[in-house]
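Okay, here's what each chain looks like letter by letter:
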Amino acid sequence: MKPVFYGTCTLDTLAARSLLWVLLISRSIGRAGSTPLLQSCPVGRYTYTDGRCLLCFAHCGDRGCTGPSNRLGHGGCNNCFLAQHSTTTSGLECISRHTGCQQHHYMGLVDSGQQRDLPARAICRPCHSECLTCTGSQQNQCIRCRHFRLEEFCVEECPGGSIINYRLRTCFFISNFTRDRIMSRYRRS
């Protein structure tokens, strides 16, 4: 005759659970009277509220995390290779170094002195407002211009005395005198 189960545990199952519970409790107690020792998770994982070790966000760095978020700080990454200013919250968030910075930003390296305050090796910084893509924050560090290129500078409008090539979106000068006079203003700023 088979045992009939009505949503209760059999004696064997109860005994096994009790034995398992005793083993778990005895392994977690350090010294008599102390609180149970918590097992820490390896780097790359964080301790979830139920004690499980879960994976950190994919773009966290080699120092792991304290939670699932991509943000730098408590509840997120301890460090990362590339960070950007969050578009939804204040602070920085870790992003993929393979996809890189969003449009109108460049990857600026963080020097070792700043890494204590800014736990990222690189941070996405905004380009000059006249740049579409850039290598730095200055008007002459643009790769592609939003409006026009005037020699090494991106400008909103071509200055008077210059000739405009609308197809290439560039400004150029016929006279060296005009060129030198106008370009001296850009090189000072």
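About the thresholds
Residues numbered from 1 in each chain as written. Predicted model: local features only at pLDDT ≥ 70, side-chain atom pairs only at ≥ 80, totals over all residues. Heavy atoms only, no water. Helix = DSSP H or I, 4+ residues; strand = E, 2+ residues; numbered from the N terminus. Buried < 20%, exposed > 50% of the residue type's maximum accessible area, 1.4 Å probe, protein only. Lys, Arg positive; Asp, Glu negative; His and termini not counted. Salt bridge = Lys/Arg side-chain N within 4 Å of Asp/Glu carboxyl O. Contact = heavy atoms within 4.5 Å. Pairing = 2+ DSSP bridges.

J.: Give me the lowdown on the side chain of Glu93, citing residues and values where you can.
T.: Relative to the assigned elements, Glu93 resides in strand S4 (residues 92–95). At 7.3 Å, Arg71 is the nearest oppositely charged side chain to Glu93, a buried residue that forms no salt bridge. Contact partners of Glu93, with chain neighbours within four places excluded, come to Asn70, Arg71, Leu72, Leu82, Ala83, Gln84, Ser86 and Thr87.

J.: Any chance you could break down the pairing of strand S3 (residues 80–85) for me, citing the residues and the numbers?
T.: Every other side chain in a regular strand lies on the same face of the sheet, so the side chains alternate between the two faces. As defined by bridge partners, S3 adjoins strand S6 (residues 120–126) across three bridges and the pair is classed as parallel. In the sheet register, Leu82 faces S6, and the bridge partner there is Ala122. Of the pairings in the sheet, the one linking S3 to S4 comprises four bridges and is antiparallel in character. From the neighbouring strand, Gln84 faces S4, where its bridge partner is Glu93.

J.: Can you tell me about unusual backbone geometry, naming the residues and giving the values?
T.: Its identity is not glycine, yet Glu151 carries a phi of approximately 55 degrees, on the positive side. Within the secondary structure, Glu151 is located in the loop between strand S9 (148–150) and strand S10 (153–155). With relative accessibility at 29%, the residue Glu151 sits in the partly exposed group. One non-glycine residue, Arg169, adopts positive backbone phi at about 55 degrees. Locating Arg169 in the fold gives a position in the loop between strand S11 (163–165) and strand S12 (170–172). By relative accessible area, which is 39% here, Arg169 ends up partly exposed.

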